[in-house]
Amino acid sequence: MKPEIDRRAFLKRMGQAGGLIVAGGTFESFLAACGGNVGSGATTPTPGVTPIGNAGLKSPGVLQWGSDYVSGAPYVFKDPKNPANLIGFEVEIMQAVANLMGVTPRQVETCYGQLDQALAANQFDFVFNGWEITDERKKTQLFSDPYYVYAQQIVVRADDPRFTQYDANSTLSLSVLYGMTVGTGDGYKAATILQGFPQITTKLYTGNLPFDDVKQKKLDATFLDSPLAAYYVLGAGPGGVPDTALKPIGKPIYTDVYIGGFNKSNPNAQTVLNELNQALARLKKDGTLKKIYTTWKMWNDQQAAIGIV
Amino acid sequence: MSLIQQVLPFFLIGARNTLIYCFVSFPLALLLGLLLAVMRSSRIAWFSSPAKIFIEVIRGTPIIAQIFLIYYGVGAVLAIYNLSTFDNSWTAGIAVLALNYAAYEAEVFRAGFLSVEHGQTEAALSLGMTSGQNFFRIVLPQAIPLMIPPFVNDFIYMLKDSAVLSVIAATELTTVLQFFVFRNSSNTLPLYALAIVLYLLMALPISYVARWYERRLRAAL
């Protein structure tokens with residue numbers, strides 16, 4: 001009888017150990033999901049290419065970047081065909097950077113309005129979400145080299161008789177919107193620009209893009225980053241659907257650049273910043289960034305100004 | 001301190017707008033809630049079923065989904081008739097708060113009515129009162145003091161829930177807070193503290209007045 005009992009006990013213990021291993025693996029994924037983090041799988045450096053350092057990361061081996069995938073297209077958003085996946089041009093850039101560093105990229109979901117505070121609390125290595133340099137951010141943040149040149153775009157209803165004479169190639173300024181109500185996202189560069197125009201009534205939206213408000217005539221126009229207008233209005237990029245009820249008018253204005261934002265008081269920030277800059281420099285030169293921007297229909301000649309070839 | 005002085009006027013406008021949203025929405029929610037409670041208590045299924053469905057749907061769905069439905073869904077229908085400007089952040093915000101809280105207030109009313117012993121109704125009817133007289137003279141006066149604490153609770157919840165209206169560009173206190181947090185990202189604590197103090201200043205007097213009124217009503221009974 002005894003050997004029988006021992007065998008049972010042995011099988012039971014093996015089952016428990018196996019269960020623990022499986023549960024441990026599942027639990028890790030569960031924790032990652034609860035934290036709003038989305039990993040993209042471990043990466044290995046491309047053979048023959050000198051890897052870039054990965055010292056200073058908050059969690060060794062994991063490149064954690066803060067961004068908001070809600071209303072985040074084309075930067076970072078849930079794939080409409082498979083919402084388990086994150087897609088977007090910034091997701092692809094982060095994947096390419098992580099490849100060069102030989103680490104796993106992980107998006108840390110954070111409401112756009114809270115990115116500054118989350119960065120200050122070191123909840124990720126840096127912000128990478130259409131981030132811009134502002135005087136206020138200069139006080140607490142360090143900035144990477146630019147990775148995209150963008151501008152601001154006016155979008156109106158396609159059938160609005162007040163804008164019939166204008167198209168995307170017209171040369172316009174914000175004076176065309178004087179006396180009107182214009183919406184944009186709170187925290188967007190456009191909000192700061194519109195603040196300087198008391199002739200325009202500005203409505204600020206949190207966590208929501210105001211395209212439907214323009215279509216429903218609750219707003220006369222919206223004014224926001226050109227990649228947003230290109231994706232949501234022109235349907236540029238994977239999964240994009242053109243919205244014929246809207247049209248961009250005027251060439252993009254107020255040109256600026258996107259950068260990665262780092263917490264100045266984080267002692268490792270400068271190290272990771274240097275590594276990100278090295279990676280971006282390589283992606284600019286080897287054609288990876290151009291390829292990503294071409295896929296997302298964001299490529300234009302202005303990108304040469306920041307060294308992208 | 002200079003930051004507080006600089007932003008205070010804007011925060012006060014935000015607090016005023018929060019109060020407007022709540023002081024307009026809550027009475028509407030009470031009226032609709034009373035109607036729903038009466039409907040739900042009815043023995044006629046044509047009255048009770050719609051009330052039950054409304055209450056369950058509203059309580060079982062997030063308020064942000066209701067906001068988008070009223071603001072964009074109803075707005076899209078109104079846009080066909082060129083009336084969508086009437087569905088703005090004020091009207092949609094007040095409608096959503098009123099409809100949402102009506103479902104909760106209906107249950108408060110129902111619980112209040114049920115808490116008055118049935119024997120009182122029997123006594124009133126045996127004295128020759130009509131059912132209307134019984135409701136307004138016997139049941140309601142006894143039920144109201146019991147309902148005041150949950151009403152006050154819900155009003156304070158509404159003060160805070162109104163913050164969700166920032167998604168449709170409503171300029172209430174939290175929207176103003178977010179606006180300045182973006183522009184002062186290196187020094188946000190005084191802004192959060194100011195918003196908390198203003199919410200407290202709005203909520204505390206309401207609690208005290210409600211307690212005083214409840215004591216008066218109980219004393220009168």
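Residues numbered from 1 in each chain as written. Chains lettered and ligands numbered in written order. Predicted model: local features only at pLDDT ≥ 70, side-chain atom pairs only at ≥ 80, totals over all residues.

### Some details on the overall build of chain A
Working step 1: Along its length, chain A carries nine helices and 12 strands.
Working step 2: Long-range contacts, defined here as pairs at least 24 residues apart, represent 73% of the contacts in chain A between residues at least 6 apart. (Helix = DSSP H or I, 4+ residues; strand = E, 2+ residues; numbered from the N terminus. Contact = placed C-beta atoms within 7 Å.)

### Some points on the overall build of chain B
Working step 1: Looking only at helices and strands, chain B features eight helices and zero strands.
Working step 2: Counting only C-alpha atoms, chain B reaches 70 × 50 × 25 Å along its principal axes.
Working step 3: If you take every contact in chain B between residues at least 6 apart in sequence, the share linking residues at least 24 apart comes to 77%.

### Brief notes about the packing of helix 7 (residues 173-183) of chain B against helix 8 (residues 189-220) of chain B
Residues and elements named next belong to chain B.
Working step 1: Packing of helix 7 against helix 8 leaves a shortest axis separation of 10 Å and a crossing angle of 170 degrees. Put simply, helix 7 runs roughly antiparallel to helix 8. On the side of helix 7, the interface is formed by Leu173, Leu177, Phe180 and Val181, while helix 8 contributes Leu191, Ala195, Leu198 and Tyr199.
Working step 2: Residue classes in the contact of helix 7 with helix 8 are distributed as eight nonpolar, no polar and no charged. (Axes fitted to C-alpha atoms, helices over the stretch in contact; angles between N-to-C directions. Parallel < 35°, antiparallel > 145°, perpendicular 65-115°, else oblique. Nonpolar A, V, L, I, M, F, W, Y, C, P; charged D, E, K, R; others polar.)

### A closer look at the interface of chain A and chain B
Working step 1: Counting from both sides, the interface comprises 20 residues of chain A and, opposite them, 19 residues of chain B.
Working step 2: Of all elements in the fold, only helix 3 (115-120), helix 4 (135-138) and strand 10 (201-205) of chain A reach the threshold of two or more residues within the side of chain A that touches chain B.
Working step 3: Per element, the largest residue contribution to the side of chain A that touches chain B is three residues, and it comes from strand 10 of chain A.
Working step 4: Among the residues making up the side of chain A that touches chain B, the classes are represented as two nonpolar, nine polar and nine charged.

### Comments concerning the nonpolar core
Working step 1: With 127 residues, the main nonpolar core has A:Val97 and A:Ala221 as its most contacted residues.
Working step 2: Here this core takes 12 residues from helix 4 (residues 89-114) of chain B, the largest share from any one element.
Working step 3: Inspection of this core shows a minimum of three residues originating in each of domain 2 (39-146 + 260-306) and domain 3 (149-256) of chain A.
Working step 4: Apart from residues no more than four positions distant in its own chain, A:Val97 is found in contact with A:Leu63, A:Leu276 and A:Ala279. (Core = buried A, V, L, I, M, F, W, Y, C linked by C-beta atoms within 7 Å. Buried ≥ 20, exposed ≤ 12 C-beta atoms within 10 Å, placed from the backbone. Domains from an automatic or database assignment.)

### Some thoughts on the pairing of strand 6 (residues 126-131) of chain A
All names here are of chain A.
Working step 1: Taking burial as the measure, the six residues of strand 6 include six buried ones, the bulk of the element.
Working step 2: Relative to strand 12 (residues 246-263), strand 6 is paired through two bridges, and the arrangement is antiparallel. From the neighbouring strand, Val127 faces strand 12, where its bridge partner is Gly261. (Pairing = 2+ DSSP bridges.)

### Observations regarding the packing of helix 2 (residues 45-59) of chain B against helix 4 of chain B
Residues and elements named next belong to chain B.
Working step 1: The N-to-C vectors of helix 2 and helix 4 enclose an angle of 115 degrees; their axes lie 9 Å apart at closest approach. The way helix 2 lies across helix 4 gives a crossing that is left-handed. Within the contact between the two elements, helix 2 uses Phe54, Ile55, Ile58 and Arg59 and helix 4 uses Leu99, Asn100, Ala103, Tyr104, Ala106 and Glu107. (Left-handed = near helix turned anticlockwise from the far one by under 90°.)

### Let's talk about helix 9 (residues 288-295) of chain A
Residues spaced three or four apart along an α-helix point in a common direction, a consequence of the helix completing one turn every 3.6 residues.
All names here are of chain A.
Working step 1: Turning to helix 9, its buried residues are Thr288, Leu289, Ile292 and Tyr293. Take helix 9 and look down its axis: the buried residues cluster within an arc of 130 degrees, on one side only.
Working step 2: Summarising the contacts, the buried residues of helix 9 are in contact with helix 2 (89-101) and helix 8 (269-285).
Working step 3: Positive phi appears at Lys297, one or two residues downstream of helix 9, with a value of about 55 degrees. (Arc of directions from axis to C-beta.)

### So, the environment of A:Ser67
All names here are of chain A.
Working step 1: Inspection of the secondary structure assignment puts Ser67 in strand 2 (residues 62-67).
Working step 2: For Ser67, a count of 25 C-beta atoms within 10 Å gives the class buried.
Working step 3: Not counting residues up to four positions away in its chain, the partners in contact with Ser67 are Gly72, Tyr75, Val76, Glu90, Gln107, Phe128 and Asn129.

### Focus on the confidence of the model for chain A
Residue and element names in this part refer to chain A.
Working step 1: Chain-level statistics for chain A give a pLDDT mean of 87 and a share of 84% at 70 or above.
Working step 2: Taken as a whole, residues 1-5 scores under 50 in pLDDT and shows zero contacts with residues more than four places along the chain or in a different chain.
Working step 3: Low pLDDT, under 50, characterises residues 20-37; the stretch is placed with seven contacts to residues that sit more than four places away or in other chains. (pLDDT = per-residue confidence, 0-100.)

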